[in-house]
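Descriptive analysis of the structure
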Amino acid sequence: MRAKLQDCQLHNDMPGLDTQQISWKKDSSLASSADKSLTSHCKSQAMIYLEGHSYSAALKYILACGAVTLRLDSEEYFEFFEESLAEGKHYRLVYVKHKSKNSLCSELSSQVQWIQTHSVEAKQMASNAERFIKQELTQAHVLLYMKRMLQEYAALQRFKPIKPAHSSGPVTEESLLRLAT
């Protein structure tokens, strides 16, 4: 998908589209625009979120940027908090699933055009996303979510541990083998 996005910029006249990959380096004084840090990209009007090849926590950082987040409809993996996000309120959905490169480019172009012609709504959307991350994705809320999730898993557990009738000291490999049936 990254290659298709970069092709849109290279082979089409799309003003306002910069499809450089973010390297997440802390030093933003690097020469190449491809090596800029996330904070330097936060000055953009919009940022495209692409899922990675493994676990990625990039979505929360992109939402916190203060730019309109463009999300692709072709994503397969989701963050635990994504159910609380609303399309049109926190991000714009880019419809690219099962589309050719040309339709991807035209979809991106129309998204960039919408952001430029609806600046008030775009700023509100970026502000909503930033506020969501700061207010709803706090450490206390994340820990509460994890606690509730573990409680739900525990309720599904069928195994009931039993304490042995007589305790003969600390648990060792030998004591476990004696208790095993």
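Our subject is the structure that appears above.
Residues numbered from 1 in each chain as written. Predicted model: local features only at pLDDT ≥ 70, side-chain atom pairs only at ≥ 80, totals over all residues. Heavy atoms only, no water.

**So, the nonpolar core**
A general tendency of soluble globular proteins is for nonpolar side chains to be buried together. Ranked by size, the top nonpolar core spans 17 residues in total, and within it Leu59, Leu63, Phe81 and Leu85 carry the most contacts. At the level of elements, strand 1 (46–49), helix 3 (58–63) and helix 5 (119–136) are the ones that each hand at least two residues to this core. Top element by residues in this core is helix 3. It accounts for four residues. Core analysis: the second largest hydrophobic core is formed by 16 residues, Leu5, Leu72, Leu108 and Ala122 among them. (Core = buried A, V, L, I, M, F, W, Y, C linked by side-chain atoms within 4.5 Å. Buried < 20%, exposed > 50% of the residue type's maximum accessible area, 1.4 Å probe, protein only. Helix = DSSP H or I, 4+ residues; strand = E, 2+ residues; numbered from the N terminus.)

**Details of the pattern of salt bridges**
This structure, assessed with the given rule, holds two salt bridges. Two residues, Arg71 and Glu82, come together in a salt bridge whose shortest N-O distance is 2.5 Å. Of this pair, Arg71 sits in strand 2 (residues 68–72) while Glu82 sits in the loop between strand 2 and strand 3 (92–94), and the two are eleven residues apart along the sequence. Across the pair Glu130 and Lys134 runs a salt bridge, and its minimum N-O distance is 3.4 Å. One end of the pair is Glu130 and the other is Lys134, both in helix 5 and four residues apart, which spans about a single turn. On the basis of relative accessible area, Lys134 is assigned to the exposed category, the value being 58%. (Salt bridge = Lys/Arg side-chain N within 4 Å of Asp/Glu carboxyl O.)

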